[in-house]
Amino acid sequence: MQFRLSQAARSEGYRLHSHDRLDSTNSEAMRLAHGGEVGPLWVTAQRQEAGRGRRGNAWTSPEGNLAASLLLPVAGVAPEMAATLGFVAGCALVDALRDACRSAPSPRRQGEGRDDLLVVEALSPHAERGDALAPQGIAPLHAAIHLKWPNDVLADGQKLAGILLEAETLPGGRRAVVAGFGVNIAATPEGLPYPAAALSAFSAADAPMLLEFLSERFVEAVRIWNKGRGFSNIRRRWLERAAGVGAPVSVRMAEATLTGMFETIDEGGRLVILAPDGTRRTVTAGEVHFGSAATAA
């Protein structure tokens, strides 16, 4: 696989380091930061052998899937604003997946009857909720791509991708932030404790194509974010692409499980739950369940 960045990303000074194998693209990006690299720099690997997700969970990335990390320059950005880059990453990834599905619909779907065709619901960067764009000639609606708070992407309710945002304070006080992306493209890992999807089920796009789309969409999203000053716009866009807004939700945390309705995310990116008694609770981290899983919690 030959990875490349979009012209827009290259024009904005983004660079790319591609590897055949790495332990973790996030780890490699952070090692480069410790060596003086400030970014913006993409790091990719055809095979990632020790990837990780939130809370130290392992993330398996077989060859053919996308493992990519972006080292971001955050000089002059307050730490609490740098933490919202995960929502920037989420918006960019959903839009890149939409681009991939529209540009390279799955050949397995071509020629099938309209009732069997698969559509990915993904909103235009400028659309309001309900103005979903579908690939031309494909009937609505069998599968939907949405964001799941705080850092997952779902395809028809199954996990398609994960995002891991990591930050470190380096010697001398400089801060490094890395956004990692893991996307099931060719296959889903085996033995997962949750349902998972692969992009190959509804797109012929491969990992290099998706990275090119993602690098372009990230440039667009981070420009809107504007060092945190535009987070309100990113928040709106994230909510337009989010799963479960207005629906039952449960969040399992170390000390308790909260249930209620997923109302919104606040200006800090925290999940806001409207409890049955009418009170509102904010959540900074936890395991989220929607629908029947939420009501059974």
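Right above here is the structure, for reference.
Conventions we followed
- Residues numbered from 1 in each chain as written.
- Predicted model: local features only at pLDDT ≥ 70, side-chain atom pairs only at ≥ 80, totals over all residues.
- Heavy atoms only, no water.
- Helix = DSSP H or I, 4+ residues; strand = E, 2+ residues; numbered from the N terminus.
- Buried < 20%, exposed > 50% of the residue type's maximum accessible area, 1.4 Å probe, protein only.
- Contact = heavy atoms within 4.5 Å.
- Areas by Shrake-Rupley, 256 points an atom, 1.4 Å probe, with all protein chains shown as cover.
- Axes fitted to C-alpha atoms, helices over the stretch in contact; angles between N-to-C directions.
- Parallel < 35°, antiparallel > 145°, perpendicular 65-115°, else oblique.
- Nonpolar A, V, L, I, M, F, W, Y, C, P; charged D, E, K, R; others polar.
- Pairing = 2+ DSSP bridges.
- Phe/Tyr/Trp six-rings, centres within 6.5 Å; stacked < 30°, edge-to-face > 60°.
- Core = buried A, V, L, I, M, F, W, Y, C linked by side-chain atoms within 4.5 Å.
- Expected span 1.5 Å × (residues − 1).
- Polar contact = N/O pair within 3.5 Å; in protein donor to acceptor, adjacent residues only side chain to side chain.
- Left-handed = near helix turned anticlockwise from the far one by under 90°.
- Salt bridge = Lys/Arg side-chain N within 4 Å of Asp/Glu carboxyl O.

1. Notes on the overall build of the protein
Move 1: Helix and strand content of the protein: 7 helices and 15 strands.
Move 2: When burial is assessed residue by residue, the protein has 51% of its 297 residues classed as buried.
Move 3: Taking the contacts inside the protein whose residues are at least 6 apart along the sequence as the reference set, 65% of them involve residues at least 24 apart.
Move 4: Counting every atom, the protein has about 13300 Å² of accessible surface; 49% of that belongs to carbon and sulfur.

2. Concerning the packing of helix α5 (residues 207-225) against helix α6 (residues 231-240)
Move 1: The N-to-C vectors of α5 and α6 enclose an angle of 130°; their axes lie 7 Å apart at closest approach. By the angle between their axes, α5 is oblique relative to α6. For the pair α5 and α6, the contacting residues are Glu220, Ala221, Ile224 and Trp225 in the first and Phe231, Asn233, Ile234 and Arg237 in the second.
Move 2: For the contact of α5 with α6, a count of residues per class yields 5 nonpolar, 1 polar and 2 charged.

3. Thoughts on the pairing of strand β10 (residues 175-183)
Looking down a regular strand, the side chains alternate between one sheet face and the other.
Move 1: With respect to burial, β10 is a largely interior element, 8 of its 9 residues being buried.
Move 2: Strand direction decides the pairing type here: strand β4 (residues 66-72) and β10, joined by 7 bridges, are antiparallel. Considered in β10, the bridge of Ala68 is made with Phe181.
Move 3: When strand β9 (residues 158-169) meets β10, the two strands line up antiparallel, connected through 9 bridges. Within β10, the position partnered with Ala167 by the bridge is Val177.

4. Regarding the packing of aromatic side chains
Move 1: Under the defined criterion, the tally for this structure stands at 5 aromatic pairs.
Move 2: Arranged with centres 6.4 Å apart and planes meeting at 85°, the rings of Trp42 and Phe218 form a pair that is edge-to-face. Remark: Phe218 occurs in helix α5 and Trp42 occurs in strand β2 (residues 41-52); sequence separation between them is 176 residues.
Move 3: Among the residues examined, Phe218 registers a relative accessible area of 0% and is labelled buried.
Move 4: An aromatic cluster is defined as three or more aromatic residues linked by ring pairs; in this entry it consists of Trp42, Phe181 and Phe218.

5. Let's talk about the sheet that holds strand β12 (residues 257-265)
Move 1: Ordered by their spatial adjacency, 5 strands build an open sheet running β14-β13-β12-β11-β15, and the pairing between neighbours is antiparallel. Both edges of this open sheet fall to β14 (280-283) and β15 (287-290), since each of them pairs with a single strand only. Sheet twist, expressed as the average angle between the axes of neighbouring strands with direction ignored, equals 45°.
Move 2: Of the pairings in the sheet, the one linking strand β13 (residues 271-274) to β14 comprises 4 bridges and is antiparallel in character. Counted as the bridge partner of Val272 is Thr282 from β14.

6. Looking at the nonpolar core
Move 1: Core analysis: the biggest nonpolar cluster contains 66 residues, and Trp42, Leu66, Phe218 and Trp238 have the highest contact counts within it.
Move 2: Those residues in contact with Trp238 that lie beyond four places of it in its chain are Phe87, Cys91, Leu147, Lys148, Trp149, Phe262 and Ile265.

7. Notes on α5
Move 1: An ideal rise of 1.5 Å per residue puts 27 Å on 19 residues; α5 measures up with 26 Å between its terminal C-alpha atoms.
Move 2: Looking at where α5 begins, the residue whose side-chain oxygen comes 3.0 Å from the main-chain nitrogen of Met209 is Asp206.
Move 3: Once α5 finishes, Asn226 follows within two positions and takes phi at roughly 55°, a positive value.

8. As for the packing of helix α4 (residues 85-103) against α6
Move 1: The N-to-C vectors of α4 and α6 enclose an angle of 45°; their axes lie 9 Å apart at closest approach. When the axes of α4 and α6 are compared, the pair comes out oblique. Along this stretch, α4 crosses α6, giving a crossing that reads as left-handed. Contact residues: α4 offers Phe87, Val88, Cys91 and Asp95, while α6 offers Phe231, Ile234, Arg237 and Trp238.

9. Structural notes on the pattern of salt bridges
Move 1: Under the defined criterion, the tally for this structure stands at 18 salt bridges.
Move 2: Residue Arg236 is joined to Glu240 by a salt bridge in which the shortest nitrogen-to-oxygen separation is 3.0 Å. With Arg236 and Glu240 both in helix α6 and 4 residues apart, the pair spans about one turn of that helix.
Move 3: You can call Glu240 buried: its relative accessible area is 5%.
Move 4: Where Asp266 meets Arg270, a salt bridge forms, and the shortest distance between an N and an O atom there is 2.9 Å.
Move 5: By relative accessible area, Asp266 is classed as buried at 16%.
Move 6: The partly exposed category is assigned to Arg270, whose relative accessible area is 35%.

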